Structures are given as structure tokens and as C-alpha cells.
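Structural features, examined
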Amino acid sequence: QVQLVESGGSLVQPGGSLRLSCAASGTIFELWTMAWYRQGPGAQRELLAQITGGGNTNYADSVKDRFIISRDNAKDTVYLQMNSLKPEDTTVYYCAAAKGVLLVGDIYWGQGTQVTVSS
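Residues numbered from 1 in each chain as written. Predicted model: local features only at pLDDT ≥ 70, side-chain atom pairs only at ≥ 80, totals over all residues. Heavy atoms only, no water.

**With respect to the packing of aromatic side chains**
Using the following cut-off: For this analysis, a ring pair means two rings from Phe, Tyr or Trp (six-membered ring only for Trp) whose centres lie within 6.5 Å, classed as stacked if their planes differ by under 30 degrees, edge-to-face if by over 60, and tilted for the remaining angles. In this description a helix means any DSSP run of H or I spanning at least four residues, a strand means any run of E spanning at least two, and both kinds are numbered starting from the N terminus. In this scheme, a residue with accessible area under 20% of its type's maximum is buried, one over 50% is exposed, and one in between is partly exposed, where area comes from a 1.4 Å probe on protein chains only.
Applying the stated criterion across every chain, the model contains 2 aromatic pairs. Relative to Y108, the ring of W32 has its centre 5.6 Å away and its plane inclined at 50 degrees; by these criteria the two rings are tilted. One end of the pair, W32, is in strand β4 (residues 32-39); the other, Y108, is in strand β10 (residues 107-109), and 76 residues separate them in sequence. The exposure class assigned to W32 is buried, which follows from its relative accessible area of 8%. Measuring from ring centre to ring centre gives 4.7 Å for Y37 and W109, while their planes differ by 65 degrees; the resulting arrangement is edge-to-face. Of this pair, Y37 sits in strand β4 while W109 sits in strand β10, and the two are 72 residues apart along the sequence. With relative accessibility at 9%, the residue Y37 sits in the buried group.

What follows is the structure, given as C-alpha cells:
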């Protein structure tokens, strides 16, 4: 019974920052790779960042210099710090989880949290 619950999405001004959180349950959290995706209407989900249980990270080129993924294994929570936000970042952001070090096999998803970047 894996469950992921995102929070932290809101309306922010261009250039502002947000920190998204994703709380996981039903996993041995430190053994799971966590990731953040985003998806707009009619688009595929875009992988933004991923982090293994041991803390190894990878980022999409589009967000590498602006977003930071981190995790607190003691809290079973993964975060996405989003800086220098642009209107183009407006969409729904999703937390994802997969057992192991790769985003393969069964991938579990949260329900998403809306981020809107607008003045």
C-alpha cells in the first residue's frame, strides 16, 4: 500500500521560490528512488529530478541550475526546492517512487500539486 502525498504547490511570482514536499508511506523509504515530474495538459510527464535512497541525484537539463531535490529518510519525505521560477514552470508537479536505484518496474505516483508562476 504505497502512498505518496505531495504538498507545497501555490501561486508564486516569477523569480520566486517554492519547496514542494512528498511524504511516502508503505515503503522502506531508504531503499526507494524518489523523483519529481511535471505534466501539463496534453503532454507527457517530464522527469525533472531523481534521488536514490543513498542520495545520488540526477536532473533534467532544463532545471539543473534552478531546482534541487533532496530527501530526509528519517521523515520518509522527499523535497523539491524550486528557485528562479518562470511562468513556463506553471503546471502540476508529481512525486514518484520506485523500489531500487532506477525508475523502472512499478512506479508509484502521488496525486500532484499545482504550481502557478504568475505576476
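Having seen the model, we can carry on.
**Some remarks on the side chain of T77**
Rules: The contact rule is simple, with two residues in contact once any of their heavy atoms fall within 4.5 Å.
Here T77 lies in strand β8 (residues 77-82). Every residue in contact with T77, bar those within four places of it in the chain, is listed here: S21, C22, A23, F29, S70, R71 and D72.

**Some words on a nonpolar patch on the surface**
The line we're drawing: Within this analysis, patches are made of residues with over 30% relative accessible area and no salt bridge. Like charges are joined at 9 Å or less; nonpolar side chains (Val, Leu, Ile, Met, Phe, Trp, Tyr) at 5 Å or less. Only the protein chains shown count as covering a residue, and every accessible area follows the Shrake-Rupley method with a 1.4 Å probe. When a carboxyl oxygen of Asp or Glu lies within 4 Å of a side-chain nitrogen of Lys or Arg, that pair is called a salt bridge.
The grouping of V101, L102 and V104 at the surface amounts to a nonpolar patch, some 300 Å² of accessible area in total. In this fold, L102 is placed in the loop between β9 (91-99) and β10. Residue L102 is classed as exposed on the basis of its relative accessible area, which comes to 52%.

**Re the pattern of salt bridges**
Taken as a whole and judged by the stated rule, the model has 3 salt bridges. Of the charged contacts in the structure, one is a salt bridge between R66 and D89, with a shortest N-O distance of 2.7 Å. Pair noted here: R66 is in the loop between β6 (57-59) and β7 (67-72) and D89 is in the loop between β8 and β9, with a separation of 23 residues, a long-range link. Residues participating in the shared-partner salt-bridge network are R38, E46, R66 and D89.

**A closer look at the state of the cysteines**
What counts, and what does not: Any two cysteine sulfur atoms within 2.5 Å of one another count as a disulfide.
This model, assessed by the stated rule, comprises 1 disulfide. A sulfur-sulfur distance of 2.1 Å marks the disulfide that ties C22 to C95. Measuring the twist about the S-S bond at about -80 degrees, one finds the C22-C95 disulfide to be left-handed. One end of the pair, C22, is in strand β3 (residues 18-25); the other, C95, is in strand β9, and 73 residues separate them in sequence.

**What to know about the pairing of strand β1 (residues 3-7)**
Here is the rule we go by: DSSP calls a pair of strands paired once it identifies at least 2 bridges connecting them.
Of the two faces of β1, the one lined by L4 and E6 is fully buried and the one lined by Q3, V5 and S7 carries no buried residue. Two strands pair when backbone bridges link them, and β1 and β3 are joined in this way by 5 bridges, in the antiparallel orientation. Looking at the pairing, L4 lines up with A24 of β3.

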